Amino acid sequence: MIHYHPSIEILTDYAAGSLPLAHSLCVSTHLEHCPECQQQIRKLEMLGSHLFDQVQTEHRQLSNLKDSFFKNLAQQPSPKEKHKVSPQEDKAIRWDDYAIPRSLRQFITKSYDDLTWTRLSPSFKIATLYNEEGGAQVALTRVKAGAHMPTHTHTGDEITLVLQGAFSDESGIYRQGDFINRDASHKHKPIVTKDAECICLTVLDAPIEFTGWLTRLLNPIIRRYHPHSH
Amino acid sequence: MERAIQLPNDEQRVTDIYAVAEHRDQAALGRLFDHYVPKVRSFCLAAQPGANLMADDIAQEVMIRIWNKAHTYKPESASLNTWVFTLARNARIDYLRRNSRHQSDIDPEYLWEYVIDENADPFKDAQQKRDQERIQQGLDKLPPDQKQVLSKVYLEGKTHKEAAEELSLPLGTIKSRVRLALHKLTIYVKR
């Protein structure tokens, strides 16, 4: 059961297509787990289609455009049935019972283990999926069962989407599919539940900062991996 | 002389999309072109005023997608207008991504394909029609300030934050206008 959803603002921006792609990736992953938000998106897209339908059109001759479109169409290869992932193939991608969400398969083809993980502490690893130039960092974090993540604050907004396992902090417990949005004012100290490791998808608008006296040593490393610091 | 039966426009277009899917009917595609291309162009120009070449490119891309994907259109999941809106939205995102200074490595094609829709629900069709009507009627009655914000987000492609900056209003005001509008359209029910 999912308890933490994207806000209606985020869902609206996503349905409208105005949300940055890094954030859309998190929403898309959440939707794979959440029929409730899928319903919401369906209605928000309906709203979009009515606004689209009512858009003011200009009186403009489009016959040239139409001619050139049909000329191009004649040169198009005939469409092939697009390869769809069948439920059986879905299973084939599983590794150790970890199913890679559809939205992440453009980055991870087989297993989370194929990524290049950087160990930041004995129990905490991070793998960057990609850095948006001048924008957000999209990464996976992997924390061992029962481990604490170092106390940290965010210097920008952070979205966390639980892919595997569960973790908790002062405000609650978060499980697979939960979508957690934290702003810069938030300082927290997550703990992973004892039964399994926890893998999360995170989008950071700016590097996180560790605030514990010892883990502060990690800040230069974290910054090195964030696009803003290049 | 036998007269051709005139179908209402929406139904005619659904007939056309089937003709495209099943018979590769270019005349039907031509009619869809005439209806949708001006809308797609305006949709693009709303986000990038004056960018006529971009609008032409995206409009053609949307028509190619209609031609190639017509067989994937499912009337029980979405109305044809909604389907075309999502194609236009995705084509615009893709175009902006490929042509922006900040090229993104995320391929947007798969980000809006979340719906697991294997079992068609016989009630869904009726539900969908009710939702459509409610939204359409509600939209016409919205106060202009709420509709303006929705247009900024949907047509101009602005985030809530950007809409707030452009209208010189606090972000909270924008958020509450959108929430009020979505509430009236019965899209948003507080959890």
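Undergrad: Explain the nonpolar core to me, using residue names and the numbers behind them.
TA: Of all hydrophobic cores here, the largest spans 92 residues; its most connected members are B:Val40, B:Val62 and B:Ala88. No other element matches the 11 residues that helix α2 (residues 26–47) of chain B contributes to this core. Counting only domains with at least three residues in this core, you end up with domain 1 (1–119) and domain 2 (121–191) of chain B. Once residues within four sequence positions are removed from consideration, B:Ala88 is found in contact with A:Phe52, B:Val40, B:Phe43 and B:Val62.

Undergrad: Tell me about the sheet that holds strand β3 (residues 137–143) of chain A, residues and numbers included.
TA: Two pairing modes exist for strands in a sheet, parallel and antiparallel, and in both the strands are linked by backbone hydrogen bonds. All names here are of chain A. Read across the open sheet, the 6 strands follow the order β1-β2-β3-β11-β5-β8; overall the sheet is antiparallel. Sheet topology places β1 (118–121) and β8 (179–182) at the edges, where each strand pairs with a single neighbour. The average angle at which neighbouring strand axes cross in this sheet is 25 degrees, direction not considered.

Undergrad: Account for the packing of α2(B) against helix α3 (residues 52–69) of chain B, naming residues and giving values.
TA: Residues and elements named next belong to chain B. Contact geometry for α2 and α3: axes closest at 9 Å, N-to-C directions at 140 degrees. Here α3 runs oblique to α2, going by the angle between their axes. The element α2 and its partner α3 pack so that their crossing is right-handed. On the side of α2, the interface is formed by Leu-29, Leu-32, Phe-33, Tyr-36, Val-37, Val-40, Arg-41, Cys-44 and Leu-45, while α3 contributes Met-54, Ala-55, Ile-58, Ala-59, Val-62, Met-63, Ile-66 and Trp-67. Classifying every residue of the contact of α2 with α3 by side-chain character gives 16 nonpolar, no polar and 1 charged.

Undergrad: Tell me about the sheet that holds strand β10 (residues 191–192) of chain A, residues and numbers included.
TA: Residue and element names in this part refer to chain A. An order of β7-β6-β10 is seen for the 3 strands of this open sheet, with the pairing classed as antiparallel. Each edge of the open sheet carries a strand with a single partner, namely β7 (172–174) and β10. Here strand β6 (residues 167–169) runs beside β7; their pairing, made up of 3 bridges, is antiparallel. Paired with Phe-167 across the two strands is Tyr-174, which belongs to β7.

Undergrad: So what's going on with helix α8 (residues 171–184) of chain B? Which residues, and what values?
TA: With 14 residues, α8(B) ought to run about 20 Å at 1.5 Å a step, and its terminal C-alpha atoms sit 20 Å apart, in line with that. Along α8(B), the residues classified as buried are B:Ile174, B:Arg177, B:Val178, B:Ala181 and B:Leu182. Down the axis of α8(B), the buried side of the element spans an arc of 125 degrees, and every buried residue falls inside it. Packing partners of the buried residues in α8(B) comprise α1 (8–16) of chain A together with α6 (144–154) and α7 (160–166) of chain B. Where α8(B) terminates, the next one or two residues include B:Thr186, which has phi positive at roughly 55 degrees.

Undergrad: Report on helix α2 (residues 21–33) of chain A, specifying residues and quantitative values.
TA: Residue pairs three or four apart in sequence face the same way in an α-helix, which turns once every 3.6 residues. For α2(A), built from 13 residues, the straight-helix expectation of 18 Å at 1.5 Å per residue is met to within 8% by its first-to-last C-alpha distance of 19 Å. The buried fraction of α2(A) is high, at 12 of 13 residues.

Undergrad: If you had to explain the confidence of the model for chain B to someone new, which residues and values would you point to?
TA: All names here are of chain B. A residue-level look at chain B finds 88% of positions with pLDDT of 70 or above and a mean pLDDT of 87. Mean pLDDT in chain B bottoms out at helix α5 (residues 122–141), which sits at 84, and peaks at α2, which reaches 96. The ipTM value of the predicted complex is 0.91, and its pTM value is 0.86.

Undergrad: Please give an account of the pairing of β3(A) that cites residues and values.
TA: Residues and elements named next belong to chain A. Of all 7 residues in β3, 7 are buried, a share of seventy percent or more. Every second residue of β3 is oriented toward a common face, with Gln-137, Ala-139, Thr-141 and Val-143 on one face and Val-138, Leu-140 and Arg-142 on the other, all of them buried. Across 7 bridges, β3 lies against strand β11 (residues 198–204) in antiparallel orientation. Residue pairing across strands places Leu-140 opposite Leu-201, the latter belonging to β11.

Undergrad: If you had to explain the interface of chain A and chain B to someone new, which residues and values would you point to?
TA: Facing 47 residues of chain A, the contacting portion of chain B comprises 55 residues. Secondary structure elements with two or more residues in the side of chain A that touches chain B: α1, α2, α3 (35–53) and α4 (63–75) of chain A. Sorting elements by how many residues they give to the side of chain A that touches chain B places α3(A) first, with 12 residues. By residue class, the composition of the side of chain A that touches chain B is 20 nonpolar, 16 polar and 11 charged.

Criteria and thresholds
- Residues numbered from 1 in each chain as written.
- Chains lettered and ligands numbered in written order.
- Predicted model: local features only at pLDDT ≥ 70, side-chain atom pairs only at ≥ 80, totals over all residues.
- Core = buried A, V, L, I, M, F, W, Y, C linked by C-beta atoms within 7 Å.
- Buried ≥ 20, exposed ≤ 12 C-beta atoms within 10 Å, placed from the backbone.
- Helix = DSSP H or I, 4+ residues; strand = E, 2+ residues; numbered from the N terminus.
- Domains from an automatic or database assignment.
- Contact = placed C-beta atoms within 7 Å.
- Pairing = 2+ DSSP bridges.
- Axes fitted to C-alpha atoms, helices over the stretch in contact; angles between N-to-C directions.
- Parallel < 35°, antiparallel > 145°, perpendicular 65-115°, else oblique.
- Left-handed = near helix turned anticlockwise from the far one by under 90°.
- Nonpolar A, V, L, I, M, F, W, Y, C, P; charged D, E, K, R; others polar.
- Expected span 1.5 Å × (residues − 1).
- Arc of directions from axis to C-beta.
- pLDDT = per-residue confidence, 0-100.

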